[in-house]
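Given next are the chains, with one letter for each unit.
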Amino acid sequence: MNPAAVTQELLTAAELETRLRAVGEERYHHRHPFHQLMHEGSLGRGQLQAWALNRYYYQSIIPIKDAIILSRSDDSAFRRAWRRRIVDHDGDGTRPGGIEKWITLAQATGLDRERVMSTREILPAVRYAVDAYLHLVSRRSFLEAVASSLTEMFSRDLISLRVDRLRQHYPWLSDGLTYFDARLTQAPEDAKFALAWVTRRAGTRAEQELAIAALRAKCDILWAQLDSLYFSYVAPGWPPLGAFVPQLETMTL
């Protein structure tokens, strides 16, 4: 955080939102070369398998992350609103949640369910990045923990583009895309609540800057996961020992 922020004038809610959205425009992972290749139809089946398998680890910790945030709140209204996120990803026992739907997507790439859920073959850098997210929401201020979730402000446009391009370039994935259908409505609703909460609770310029920095850190965590995928499965194509290695015949479509 910039020390000068302590003495700077408080941003209005609209100005704070503008600053937060600027972080997404600059740093959100829609700009990453791995996503660019995906949307161009340039990835092979093996590379998509690597993406689905590694991304599963991130998906699997989302309800854990949200449970940590929920447990840190002494506001029952906040907890009632936030707990919906856990159900969205874990399911309610009768309907599948986001984690189960992501496993379906991974299976559509040709991966075995147990192989994905074991997380044995995920990239070390992906594990470190995802674990860093749990550390952020556990150890940094409650305001920063909530603000880090605001990447959802940017996800709807990426999801819309991704679903369109995946169906266009990888039609064999179509049966596995139900995860994204739900997120088209869930993510904007979650982001609306979190944004209103952050802009209301960041009561000093220093706290506003902490919220902006937390969102920047979350963007870095998402970007780092894709850096690892690109290095391991695109160029130079060096997955570390123990990590997932696609079959040669699946590296190209």
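Look above for the structure.
The rules behind the values
Residues numbered from 1 in each chain as written. Predicted model: local features only at pLDDT ≥ 70, side-chain atom pairs only at ≥ 80, totals over all residues. Heavy atoms only, no water. Helix = DSSP H or I, 4+ residues; strand = E, 2+ residues; numbered from the N terminus. Buried < 20%, exposed > 50% of the residue type's maximum accessible area, 1.4 Å probe, protein only. Polar contact = N/O pair within 3.5 Å; in protein donor to acceptor, adjacent residues only side chain to side chain. Contact = heavy atoms within 4.5 Å. Phe/Tyr/Trp six-rings, centres within 6.5 Å; stacked < 30°, edge-to-face > 60°. Lys NZ or Arg CZ within 6 Å of the ring centre and 35° of its normal. 1 Å grid on protein atoms, 1.4 Å probe; cavity = no way out; pocket = protein on both sides within 12 Å on 5 of 7 lines; lining within 4 Å. Points joined across faces, edges and corners; volume = space filled by probe spheres on them. Nonpolar A, V, L, I, M, F, W, Y, C, P; charged D, E, K, R; others polar. Axes fitted to C-alpha atoms, helices over the stretch in contact; angles between N-to-C directions. Parallel < 35°, antiparallel > 145°, perpendicular 65-115°, else oblique. Salt bridge = Lys/Arg side-chain N within 4 Å of Asp/Glu carboxyl O. Core = buried A, V, L, I, M, F, W, Y, C linked by side-chain atoms within 4.5 Å.

Peer 1: Whenever I open this one, the side chain of K65 confuses me. Can you help?
Peer 2: Along the polypeptide, K65 turns up in helix 3 (residues 45-71). In this structure K65 comes out as buried when scored by relative accessible area, which is 4%. Of the polar contacts made by the side chain of K65, one reaches the side chain of D66; its length is 2.7 Å. For K65, the contacting residues outside a window of four places in its chain are R85, Y133, L134 and V137.

Peer 1: Before we go on, may I ask you to explain the packing of aromatic side chains in this structure?
Peer 2: Geometry of an aromatic ring pair is reported as the spacing of the ring centres plus the angle between the planes. The full count for this structure, using the stated rule, is 15 aromatic pairs. Ring centres 5.3 Å apart and planes at 65 degrees place the aromatic pair F78 and F142 in the edge-to-face group. Of this pair, F78 sits in helix 4 (residues 76-90) while F142 sits in helix 8 (residues 142-147), and the two are 64 residues apart along the sequence. Across the pair, exposure class does not vary: F78 and F142 are buried alike. Among the aromatic side chains, those forming a connected cluster through ring pairs are F78, W82, F142, F193 and W197. In this structure, R55 is placed above the aromatic ring of W102, and the distance from its NZ or CZ to the ring centre is 6.0 Å. For R127, the ring lying beneath its charged end belongs to Y57, and the centroid distance is 5.1 Å.

Peer 1: What am I meant to see in the environment of D220 here?
Peer 2: Note that D220 resides in helix 11 (residues 205-233). The spacing of D220 and G44 is 176 residues in sequence and 26 Å in space, taken between C-alpha atoms.

Peer 1: In this structure, what is going on with empty space enclosed by the protein? I would like to understand it.
Peer 2: Sizing a probe to match a water molecule and rolling it over the atoms shows the empty space that remains. Under the counting rule described, the total for this entry stands at three cavities of 30 Å³ or more. Along its surface, the largest cavity is lined by 25 residues, and R55, Y58, E152, S155 and R183 are the ones closest to its centre. Residue assignment for the lining of the largest cavity shows that the elements contributing at least two residues are helix 3, helix 4, helix 9 (152-169), helix 10 (178-201) and helix 11. Residue composition of the lining of the largest cavity, grouped by class: eleven nonpolar, five polar and nine charged. Reported here for the second largest cavity is a volume of approximately 90 Å³. Along the walls of the second largest cavity sit H29, H35, W51, N54, R55, V126, R162, L222, Q225, L226 and L229, which together make up its complete lining. Those elements giving two or more residues to the lining of the second largest cavity turn out to be helix 3 and helix 11.

Peer 1: What is the right way to read the layout of surface pockets from this model?
Peer 2: Taken as a whole, the largest pocket encloses approximately 180 Å³ of empty space. Top contributing element to the lining of the largest pocket by residue count: helix 9, with six residues. Here the residues of the lining of the largest pocket are counted per class, giving four nonpolar, three polar and four charged.

Peer 1: I would appreciate a short explanation of the packing of helix 9 against helix 10 in the present structure.
Peer 2: Two packed helices can be described by the angle between their axes and the distance between those axes. Packing of helix 9 against helix 10 leaves a shortest axis separation of 8 Å and a crossing angle of 170 degrees. Classified by the angle between their axes, helix 9 and helix 10 sit roughly antiparallel to one another. Residues E152, M153, S155, R156, I159, S160, R162, V163, L166 and R167 of helix 9 touch helix 10, and the partners they reach there are F180, D181, R183, L184, A187, P188, D190, A191 and L195. Looking at the contact of helix 9 with helix 10, its residues break down into ten nonpolar, two polar and seven charged.

Peer 1: Explanation requested: the pattern of salt bridges in the structure shown.
Peer 2: Two side chains that carry opposite charge are able to pair once their charged atoms sit near each other. Counted by the stated rule, this structure contains 18 salt bridges. In this structure, D75 and R201 form a salt bridge, with 3.6 Å as the shortest nitrogen-oxygen distance. Of this pair, D75 sits in the loop between helix 3 and helix 4 while R201 sits in helix 10; the two residues are 126 residues apart in sequence, bridging distant segments of the chain. By relative accessible area, D75 is classed as partly exposed at 26%.

Peer 1: Teacher, can you tell me more about the nonpolar core here?
Peer 2: General note: in soluble globular proteins, nonpolar side chains tend to be found buried as a group. W51, V146, L150 and F180 are the most contacted members of the largest nonpolar core, which has 76 residues in total. Among the elements that make up this core, the one with the highest residue count is helix 3 (twelve residues). Beyond its immediate chain neighbours, meaning those up to four positions away, F180 contacts W51, W102, L105, I159, R162, V163 and L166.

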